[in-house]
Amino acid sequence: MSTTFCSSVSMQATSLAATTRISFQKPALVSRTNLSFNLSRSIPTRLSVSCAAKPETVEKVSKIVKKQLSLKDDQNVVAETKFADLGADSLDTVEIVMGLEEEFHIEMAEEKAQKITTVEEAAELIDELVQAKK
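Quick summary incoming for the structure in this document. From a predicted model like this one, the values you see are computed outputs, not experimental measurements. (Residues numbered from 1 in each chain as written. Predicted model: local features only at pLDDT ≥ 70, side-chain atom pairs only at ≥ 80, totals over all residues. Heavy atoms only, no water.)

Some words on the side chain of Thr 57
With respect to the helices and strands, the residue Thr 57 is situated in helix α1 (residues 55–68). With a relative accessible area of 6%, Thr 57 lands in the buried category. Setting aside anything within four residues of it in sequence, one finds Thr 57 in contact with Phe 104, Ala 123, Ile 126 and Asp 127. (Helix = DSSP H or I, 4+ residues; strand = E, 2+ residues; numbered from the N terminus. Buried < 20%, exposed > 50% of the residue type's maximum accessible area, 1.4 Å probe, protein only. Contact = heavy atoms within 4.5 Å.)

Things to note about the environment of Glu 80
Relative to the helices and strands, Glu 80 is located in the loop between α1 and α2 (90–104). The exposed category is assigned to Glu 80, whose relative accessible area is 56%. Taking the C-alpha atoms as reference points, Glu 80 and Thr 117, 37 residues apart in sequence, are found 9.5 Å from one another.

Some remarks on the packing of α1 against helix α4 (residues 119–133)
Where α1 contacts α4, the two axes come as close as 9 Å, and the packing angle between them is 120 degrees. Viewed along their axes, α1 and α4 adopt a mutual orientation that is oblique. In terms of crossing hand, the pair formed by α1 and α4 is right-handed. Of the residues in α4, those in contact with Thr 57, Val 58, Val 61, Ser 62 and Val 65 of α1 are Val 119, Ala 122, Ala 123, Ile 126 and Asp 127. The residue makeup of the contact of α1 with α4, split by class, is seven nonpolar, two polar and one charged. (Axes fitted to C-alpha atoms, helices over the stretch in contact; angles between N-to-C directions. Parallel < 35°, antiparallel > 145°, perpendicular 65-115°, else oblique. Left-handed = near helix turned anticlockwise from the far one by under 90°. Nonpolar A, V, L, I, M, F, W, Y, C, P; charged D, E, K, R; others polar.)

Structural notes on the nonpolar core
Of all hydrophobic cores here, the largest spans 25 residues; its most connected members are Val 61, Val 65, Phe 83, Leu 100 and Met 108. Looking at this core, the elements with two or more residues in it are α1, α2 and α4. Looking at which element gives the most residues to this core, the answer is α4, with five residues. Apart from the residues within four sequence positions on either side, Leu 100 is in contact with Val 61, Ile 64, Ile 106, Met 108, Ala 122 and Ile 126. (Core = buried A, V, L, I, M, F, W, Y, C linked by side-chain atoms within 4.5 Å.)

Some details on α1
With 14 residues, α1 should cover 20 Å at 1.5 Å per step; its first-to-last C-alpha distance of 20 Å lies within 8% of that length. Buried residues of α1: Thr 57, Val 58, Val 61, Ser 62, Ile 64, Val 65 and Lys 66, and no others. Looking at the buried residues of α1, the elements they touch are α2 and α4. Looking one or two residues beyond α1, the residue adopting positive phi is Ser 70, at roughly 55 degrees. (Expected span 1.5 Å × (residues − 1).)

Note that every value here comes from positions in space, so none of it alone points to a role or purpose.
Here you go:
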């Protein structure tokens with residue numbers, strides 16, 4: 001014997017200001033089974049999205065890295081390229097950072113500059129500093 005009934009699933013999002021409740025109701029057909037469940041899941045009220053650096057910033061950083069490390073023009077330097085993979089030591093990295101600061105007219109905090117290991121990380125920090133400067 002089959003029985004038709006309505007089931008509901010409700011989700012609740014809470015924040016300091018208000019509570020929102022969303023319910024979905026759908027007829028369900030159950031045969032010789034008794035199903036019961038409760039779906040409770042909080043939905044975040046604030047989302048954070050992190051974006052990659054602008055392509056033109058990555059391109060400028062790549063050119064500066066090539067210049068500072070005296071790399072050949074045909075050597076491929078892309079966003080994912082690590083300075084260490086190009087043969088850069090800590091002194092080279094300091095010189096790269098100084099070249100970037102001069103080119104973009106910014107000043108990088110020493111603790112942030114020491115964490116830079118790739119072209120993309122450098123470009124993201126530069127975009128962040130340029131945006132904060134505006």
